[in-house]
Amino acid sequence: METDKRWEEDIRPFLSCIEMSRRQRIVMTVIILGSFVYVILTQAVHMLDGLPGEPVHPEVRKFCSAMNKQKVNRGSPTSPFPNLTTEPFMRCKIIFLTLEILNHSVAIERKFQSTSSLIQLTLLNAKAENESSPIIYVVTPTYKRPEMVAELTRLGQTLSMVQNIHWIVAEDSATCSRPITGLLQRLGLPYTHLATPMPDVYRKERYVPRGVSNRRAALQWVRDYGKNTGVLFFLDDDNAIDIRLFEEMRSTETVSMWPVGLIGEYTVSSPVVKNGKVVGFYDGWPAGRKFQVDMAGFAVGVGYMKKQKKVTMPYIAGHEEDGFLKSLNININEIEVKANGCTDILVWHTRTAKNPLRNLNIESHQNDNIKVLTDNMKQLGMIK
């Protein structure tokens, strides 16, 4: 008996330690379970309030410059409509006046006046029709690289041939690039220039969601200032586009779609259409997406977009389009089919070859044009 008592006394400290460790384990279990429940509840609230891929911290957005009306330059290809003061019409008038003087014919004068009035009336009708047509907000994200100004120049000159558009150029930068501002002002298009850098947290991801911060800023601008009758269209600076597509999309009321060429394993991304309705998608990268489309493969009616509770674009690489279209609450069978029943390709996802950002040795060219040339190239971001 004494031996048993001694043994109990000897192991009592160890038993108390075991009991303490059990209490600690219980406390630890409660803490872990509580944390787990907290995470679940937080995610549930997040999912109810918005879509995955939403930034935790506010995004930086800077307004650079804008021009709301198209600049009309004499003899410029960007002039929306000629008038009787432009050179071709002046030549016609001089010819008619010369004939009048030579022939002393009142009939010729009346004929000139009739022709002049008809031309003027036709131009006024065309201008009125253009101004009443829905405006297209073309959103182009861009970022600093040697090809940036070249890409935007090519795309901007294409857009100069399209009437009643507003070009929103949003660059991935904390500051406004002077070459972009200069280009936009030279083109004479109605434009808005924004600077909105990608949050640093996303730059560290394996697959970087490029262009999302820029498009999100443009979306907010369109929601704040866009006309309800307008149309929103995303067009990257490396895309090539047939200007006929703009007239196709101009009638968009909800969401319209069409094929995009030179993309993915199938060399095309397109809605599948049966009996005039979209029933699915033909795309080489399904990836569990509901809307398997390219960014240049759809347009959205601004009025329809503004009616939605929360329109967003997630910071999830490869799922930007899908997340955006899901936030619009559009059903597949409600999509408006364009481009001849989605049988014509009017936009292509072309890719310009990447050029390294080089340092050039111009020590032997300090007294010739190469010095000035390379200085200009630096301003354009083509070289270091």
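Residues numbered from 1 in each chain as written. Predicted model: local features only at pLDDT ≥ 70, side-chain atom pairs only at ≥ 80, totals over all residues. Heavy atoms only, no water.

Enquirer: I would appreciate a short explanation of the sheet that holds strand 1 (residues 62-67) in the present structure.
Expert: Hydrogen bonds along the backbone pair up the strands of a sheet, which may run parallel or antiparallel. In spatial order, the strands read 1-4-3-2-5-11-7-12; together these eight strands make up an open sheet with mixed pairing. With one partner strand each, in any of the chains shown, strand 1 and strand 12 (336-337) form the two edges of the open sheet. Taken together, the three bridges between strand 7 (residues 255-257) and strand 11 (residues 298-301) define a ladder with antiparallel strand orientation. By the bridge assignment, Val255 is partnered in strand 11 with Val300. (Pairing = 2+ DSSP bridges. Helix = DSSP H or I, 4+ residues; strand = E, 2+ residues; numbered from the N terminus.)

Enquirer: Explain the side chain of His193 here, please?
Expert: Its place among the elements puts His193 in strand 4 (residues 191-195). For His193, a relative accessible area of 0% gives the class buried. At a separation of 3.1 Å, a polar atom in the side chain of His193 contacts the side chain of Thr181. (Buried < 20%, exposed > 50% of the residue type's maximum accessible area, 1.4 Å probe, protein only. Polar contact = N/O pair within 3.5 Å; in protein donor to acceptor, adjacent residues only side chain to side chain.)

Enquirer: What exactly am I supposed to notice about the confidence of the model for the chain here?
Expert: This prediction gives the chain a mean pLDDT of 82; 72% of its residues lie at or above 70. Taken together, the stretch residues 38-50 has pLDDT below 50 and engages in six contacts with residues farther than four places along the chain or on a different chain. Low pLDDT, under 50, characterises residues 121-129; the predicted model gives this stretch four contacts beyond four residues in sequence or across chains. (pLDDT = per-residue confidence, 0-100. Contact = heavy atoms within 4.5 Å.)

Enquirer: What's the story with the state of the cysteines in this structure? I'm lost.
Expert: Should the sulfur atoms of two cysteines be covalently bonded, the bond is a disulfide. Taken as a whole, this structure holds one disulfide when the rule is applied. Disulfide pairing places Cys64 opposite Cys176 at an S-S distance of 2.0 Å. Its torsion about the S-S bond being -85°, the disulfide of Cys64 and Cys176 is classed as left-handed. Residue Cys64 is located in strand 1, and its partner Cys176 is located in the loop between strand 3 (165-171) and helix 5 (178-187); the two are separated by 112 residues in the primary sequence. (Disulfide = S-S within 2.5 Å.)

Enquirer: Explain the pattern of salt bridges to me, please; I cannot follow it from the model alone.
Expert: Oppositely charged side chains can form a pair if their charged atoms are brought close together. Using the criterion set out here, one finds 14 salt bridges in the structure. Between Asp200 and Arg203 there is a salt bridge; the shortest N-O distance is 3.8 Å. Placement of both Asp200 and Arg203 in helix 6 (residues 200-203) is noted, with a separation of three residues, approximately one turn of the helix. Classification of Arg203 by relative accessible area gives partly exposed; the value is 39%. As a salt-bridge pair, Lys371 and Asp375 come within 2.9 Å of each other at their nearest N and O atoms. (Salt bridge = Lys/Arg side-chain N within 4 Å of Asp/Glu carboxyl O.)

Enquirer: Help me understand helix 4 (residues 148-159), please; the structure alone is not making it clear to me.
Expert: Structurally, the α-helix is built with 3.6 residues per turn, so residues lying three or four positions apart point the same way. Here helix 4 contains twelve residues, and its C-alpha end-to-end distance of 16 Å stays within 8% of the 16 Å for a straight helix at 1.5 Å per residue. The complete set of buried residues in helix 4 reads Met148, Val149, Glu151, Leu152, Leu155, Gly156, Thr158 and Leu159. Buried residues along helix 4 sit against strand 2 (136-142), strand 3, helix 5, strand 6 (240-241) and helix 8 (244-249). (Expected span 1.5 Å × (residues − 1).)

Enquirer: How should I be thinking about the packing of helix 4 against helix 5 in this particular structure?
Expert: Two packed helices can be described by the angle between their axes and the distance between those axes. Look at helix 4 against helix 5: their axes get within 11 Å of each other, and the N-to-C directions meet at 15°. Comparing the axis directions of helix 4 and helix 5 gives the class roughly parallel. Handedness of the helix 4/helix 5 crossing: right-handed. Contacts between helix 4 and helix 5 pair Met148, Val149, Leu152, Thr153, Gly156 and Gln157 from the former with Pro179, Ile180, Leu183 and Leu187 from the latter. (Axes fitted to C-alpha atoms, helices over the stretch in contact; angles between N-to-C directions. Parallel < 35°, antiparallel > 145°, perpendicular 65-115°, else oblique. Left-handed = near helix turned anticlockwise from the far one by under 90°.)

Enquirer: Would you mind showing me how to read the pairing of strand 2 here?
Expert: For a regular strand, the rule is simple: side chains alternate between the two faces of the sheet. Along strand 2, seven of the seven residues are buried, which leaves the element largely enclosed by surrounding structure. Alternating positions in strand 2 separate into two faces, Ile136, Val138, Thr140 and Thr142 on one and Tyr137, Val139 and Pro141 on the other, with burial throughout. In terms of strand pairing, strand 2 meets strand 3 through seven bridges, oriented parallel. Bridging from a neighbouring strand, Val139 pairs with Ile168 of strand 3. The parallel pair strand 2 and strand 3 is bridged by helix 4, and the resulting crossover is right-handed. (Right-handed = clockwise from strand over helix to strand, strands pointing away.)

Enquirer: Before we go on, may I ask you to explain the nonpolar core in this structure?
Expert: Looking at soluble globular proteins, one finds that nonpolar side chains tend to be buried together. By size, the foremost hydrophobic cluster in this structure holds 36 residues, and its most contacted members are Leu232, Phe298 and Phe324. Among the elements that line this core, the one with the most residues is helix 7 (residues 212-225), at six residues. Residue contacts for Phe324: discarding those within four places in its chain leaves Leu219, Leu232, Phe234, Phe298, Val300, Val311, Thr312, Met313 and Pro314. Of all hydrophobic cores here, the second largest spans 33 residues; its members include Met67, Leu184, Leu346 and Val347. (Core = buried A, V, L, I, M, F, W, Y, C linked by side-chain atoms within 4.5 Å.)

Enquirer: Help me out: how do you make sense of the environment of Lys371 in this one?
Expert: Its location among the elements puts Lys371 in helix 12 (residues 369-379). On the basis of relative accessible area, Lys371 is assigned to the partly exposed category, the value being 26%. Apart from residues lying up to four places away in sequence, Lys371 is in contact with Ile362, His365 and Gln366. A polar atom in the side chain of Lys371 sits 2.9 Å from the side chain of Asp375.

Enquirer: I'm lost on the packing of aromatic side chains in this one. Help?
Expert: Centre distance and the angle of the planes are the two values used to describe a pair of aromatic rings. Under the criterion given, the structure shown has ten aromatic pairs. Here Trp221 and Tyr225 contribute two aromatic rings whose centre-to-centre distance is 5.5 Å and whose plane-to-plane angle is 50°, an arrangement assigned as tilted. Here Trp221 pairs with Tyr225, and both are found in helix 7, just four residues apart, close to one helical turn. Every member of this aromatic cluster is reached through a ring pair, and the members are Tyr137, Trp221 and Tyr225. The cationic tip of Arg210 hangs over the ring face of Tyr143; the distance from NZ or CZ to the ring centre is 5.5 Å. (Phe/Tyr/Trp six-rings, centres within 6.5 Å; stacked < 30°, edge-to-face > 60°. Lys NZ or Arg CZ within 6 Å of the ring centre and 35° of its normal.)

Enquirer: Please explain the environment of Ser173 as it appears in this structure.
Expert: The residue Ser173 is located in the loop between strand 3 and helix 5 in this model. On the basis of relative accessibility, which here comes to 16%, the residue Ser173 falls in the buried class. Spatially, the C-alpha atom of Ser173 lies 9.0 Å from that of Leu194, the residues being 21 residues apart in sequence. Discounting chain neighbours no more than four positions away, the residues touching Ser173 are Ala195, Thr196 and Pro197. Within polar-contact distance, the side chain of Ser173 engages the backbone oxygen of Thr175 at 2.8 Å.

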